[in-house]
Amino acid sequence: MHEAPPPTSTPAPGSSSSAVPAEPLSHGLKQRHLTMLGLGGVIGAGLFVGSGAGIAVAGPAIVVSYLIAGALAMLVMRMLGEMSAAMPASGSFSVHAERALGRWAGFSVGWLYWFLLVVVLAVEATAAAQIAHGWAPGIEPWAWVLLFMVVFTAANLTAVKNFGEFEFWFASLKVGAIVVFLVLGLLAVLGWLPDTDPVGMTNLTGQGGFLPNGWGGVVSGVLTVVFAFGGLEVVTIAAAETDDPARAVGRAVRSAVVRILFFYVGSMLVIVTVLPWTAQQAGLSPYVKVLDAIGVPSAGQIMNIVVFVALLSALNANLYGSSRMIFSLAERGEAPRGLLKVSGGGSRETTGAASRETTGGVPRRAVLASVAFGFVSVLLNLLWPDTVFLYMLNSVGAVLLFVWALIAASQLRLRARLEQEAPEALSLRMWCFPYLTWVTLAGLFGVLLLMLTDEAARPQVLWSAGATALVLLVAVGRQWRERRGPA
């Protein structure tokens, strides 16, 4: 194990790349890993199961809800891609926030995102264990959770290419499942499957019309589905461990955002066209309902397998993302320095003004720190799911929106500086800057305000705001002590 060099001052966007210290992490991820991570990173249980709740409140207009939520996610990803292509770093948007707004911002968004990932990790591990328990009732859910955590911890403690391979095949299965679903759904709509008649537009215009609950239903649908797009951020974190981070993140962002929007919106359009929206129920997979309706045998078990893989994929990606985020925080002096240990030959040698990067490694202590808190979260979820863990879950319920807002704010500042100091670094540009950035910020704050008016979502906003305020207080306090200096 080797310790990374001490944190240095954050370089300006326009500084020479030779002056920017290289990170001691390995470059074991390939372009195919990153591209598939971008495609599959947000295709999870929120789409396969959670979309039923959105259909129940919005009806066929859930398609519009997904378009709105997907557009927000796509704009945020474009902004994040622009900054990551210009200034790739394992801490991604935490590093960008620090460069744009100050150390308090980098500290706050980094720790909030880390906390979000390790808490959600418990939900994914527990849900996957429940599915596995249904297949093998003799094995208790806690034993399945332990197995999953051990397997993915081991995968993340070894070479980063193992994480990349896991995610490549997980994402391939999820993408393949959606493609097959879209093809079968289209054939069913056209009446080209055995024992089926053309559906036409009947289910889109019947049962109350396309907007059975009005535009209020569309808004409620947005609140239900917007968080399903969380996870795209990991692509820019992973890009720092490729051979050519700037090019890799640009290609991954370009290929991912539109295709993901196509998968989400296309799936919803098939679902509400094949079956009446009133046939859907919250908590039940609309995919299973459609596959059952068109006569696919064992549709429930097929989707159970897909959801199971989606959960394990998310668990793996969250463990990876959380370990790299806390490692980046440690690099910048915002987390314990003991987390800077990396395996193998990860180190950096400096001679005079020149900096030479040697073979990188894996931040094993950062992985273990993340999985340790993940185990605590799982234990709380198993013992007190309706009390202690519910409060933890509520405290991260709206954090994703806060993170996205800080990404937009950071891009506003950094884009202007990059155009003045290093315009050649802008290989990937945000569309219609700065207008669409401001539109995105307004949209995110609009979603937060709507959540405050929704009785079910309000606790998430309030608890998340409290958690954010606490982290901000710590960040400001640390910065004040540093400025004050020793007594």
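Residues numbered from 1 in each chain as written. Predicted model: local features only at pLDDT ≥ 70, side-chain atom pairs only at ≥ 80, totals over all residues. Heavy atoms only, no water.

S.K.: Tell me what's going on with the overall build of the protein chain, and back it up with residues and numbers.
M.R.: Counting its regular elements, the protein chain contains 19 helices and four strands. Principal-axis analysis of the C-alpha atoms gives the protein chain an extent of 75 × 55 × 40 Å. Taking all 487 residues of the protein chain together, the buried fraction comes to 55%. As displayed, the protein chain has an accessible area near 19500 Å², and 67% of this comes from carbon and sulfur atoms. Positive and negative side-chain charges in the protein chain, numbering 29 and 26 respectively, have mean positions lying 8 Å apart. (Helix = DSSP H or I, 4+ residues; strand = E, 2+ residues; numbered from the N terminus. Buried < 20%, exposed > 50% of the residue type's maximum accessible area, 1.4 Å probe, protein only. Areas by Shrake-Rupley, 256 points an atom, 1.4 Å probe, with all protein chains shown as cover. Lys, Arg positive; Asp, Glu negative; His and termini not counted. Charge placed at Lys NZ, Arg CZ, Asp CG, Glu CD.)

S.K.: How would you explain the packing of helix 5 (residues 93-101) against helix 17 (residues 399-421) if you had to name every residue and give the values?
M.R.: In the contact formed by helix 5 and helix 17, the axes pass within 8 Å of each other and the chain directions differ by 55°. Classified by the interaxial angle, the pair formed by helix 5 and helix 17 is oblique. Two packed elements cross with a definite hand, and for helix 5 against helix 17 that hand is left-handed. Note on element contacts: helix 17 touches helix 5 through V403, L406, I407, A409, S410, R413, L414 and R417, opposite F93, H96, A97, R99, A100 and L101. Tallied by class, the residues present in the contact of helix 5 with helix 17 amount to nine nonpolar, two polar and three charged. (Axes fitted to C-alpha atoms, helices over the stretch in contact; angles between N-to-C directions. Parallel < 35°, antiparallel > 145°, perpendicular 65-115°, else oblique. Left-handed = near helix turned anticlockwise from the far one by under 90°. Contact = heavy atoms within 4.5 Å. Nonpolar A, V, L, I, M, F, W, Y, C, P; charged D, E, K, R; others polar.)

S.K.: Now, about the packing of aromatic side chains: what can you tell me, with residues and values included?
M.R.: The full count for this structure, using the stated rule, is 20 aromatic pairs. Positioned above the aromatic ring of F168, the side-chain terminus of R32 is 4.6 Å from the ring centre. (Phe/Tyr/Trp six-rings, centres within 6.5 Å; stacked < 30°, edge-to-face > 60°. Lys NZ or Arg CZ within 6 Å of the ring centre and 35° of its normal.)

S.K.: Residues and numbers for the environment of V226, please.
M.R.: Tracing the sequence through the fold places V226 in the loop between helix 10 (214-225) and helix 11 (234-238). Residue classification places V226 among the buried positions, given a relative accessible area of 1%. Placed 221 residues apart in sequence, V226 and V447 show a C-alpha to C-alpha distance of 9.0 Å. Other than its neighbours up to four places away in sequence, V226 contacts A69, W404 and V447.

S.K.: Can you explain the environment of W438? Please cite residues and give values.
M.R.: Here W438 is to be found in helix 18 (residues 435-453). The exposure class of W438 is exposed, given its relative accessible area of 51%.

S.K.: Help me get a handle on helix 4 (residues 62-86), residues and values and all.
M.R.: With 25 residues, helix 4 ought to run about 36 Å at 1.5 Å a step, and its terminal C-alpha atoms sit 36 Å apart, in line with that. Of all 25 residues that make up helix 4, 22 are buried, and the element is covered over most of its length. (Expected span 1.5 Å × (residues − 1).)

S.K.: I'd like to hear about the pattern of salt bridges, residue by residue, with values.
M.R.: Close approach of charged atoms allows side chains with opposite charge to pair. In the structure shown here, the tally under the stated rule is nine salt bridges. The partner of R32 in a salt bridge is E165, and the shortest N-O contact between them spans 2.3 Å. Residue R32 is located in helix 1 (residues 31-40), and its partner E165 is located in helix 8 (residues 160-190); the two are separated by 133 residues in the primary sequence. Judged by relative accessible area, which is 38%, R32 ranks as partly exposed. On the accessibility criterion, E165 (25% relative accessible area) is partly exposed. Here R324 and E241 are joined by a salt bridge, their closest N and O atoms 2.7 Å apart. (Salt bridge = Lys/Arg side-chain N within 4 Å of Asp/Glu carboxyl O.)

S.K.: Just give me the short version of the side chain of S65, but keep the residues and values in it.
M.R.: Tracing the sequence through the fold places S65 in helix 4. Sequence-distant contacts of S65, that is, excluding residues within four places in its chain, are made with A58, G217, V218, G221, V222 and V225.

S.K.: Just give me the short version of helix 13 (residues 286-293), but keep the residues and values in it.
M.R.: Side chains that are three or four residues apart share a direction in an α-helix, a result of its 3.6 residues per turn. For helix 13, the full list of buried residues reads P286, Y287, V288, V290 and L291. Each element contacted by the buried residues of helix 13 is listed here: helix 2 (45-48), helix 3 (51-58), helix 8, helix 12 (245-274) and helix 14 (299-331). Directly beyond the C-terminal end of helix 13, a positive phi value near 85° is found at G295.

S.K.: Tell me about the packing of helix 6 (residues 103-135) against helix 16 (residues 388-395), and please be specific about residues and values.
M.R.: For the pair helix 6 and helix 16, interaxial distance at closest approach is 9 Å and the crossing angle is 135°. One element, helix 6, and the other, helix 16, form an angle in the oblique class. Handedness of the helix 6/helix 16 crossing: left-handed. Listed contacts from helix 16 to F115, V119, A122 and V123 of helix 6 are F389, M392, L393 and S395.

S.K.: Could you give an account of the confidence of the model for the protein chain, with specific residues and numbers?
M.R.: The share of residues in the protein chain with pLDDT of 70 or more is 91%, and the mean pLDDT across the chain is 84. In the model of the protein chain, strand 4 (residues 354-357) stands out as the element of lowest mean pLDDT, 35, in contrast to helix 18, which has the highest, 95. Below pLDDT 50 for its whole length, residues 14-21 participates in six contacts with residues either more than four positions away or in separate chains. Every residue in residues 345-360 is under pLDDT 50, and counting partners more than four places away or in other chains gives 35 contacts. (pLDDT = per-residue confidence, 0-100.)

S.K.: Which residues make up unusual backbone geometry, and what values do they have?
M.R.: F433 connects to P434 through a cis peptide bond whose omega is 0°. In this structure, S92 takes a positive phi of about 45° despite not being glycine. Its location among the elements puts S92 in the loop between helix 4 and helix 5. With a phi close to 55°, S298 is a non-glycine residue in the positive phi region. Among the structural elements, S298 can be located in the loop between helix 13 and helix 14.

S.K.: Account for the side chain of Q411, with residues named and values stated.
M.R.: Relative to the elements of secondary structure, Q411 occurs in helix 17. Within the local environment of Q411, its side chain forms a polar contact with the side chain of E82, the two groups lying 2.9 Å apart. Residues contacting Q411, with those up to four places away along its chain left out, are M79, E82, M83, M430, F433 and T437. (Polar contact = N/O pair within 3.5 Å; in protein donor to acceptor, adjacent residues only side chain to side chain.)

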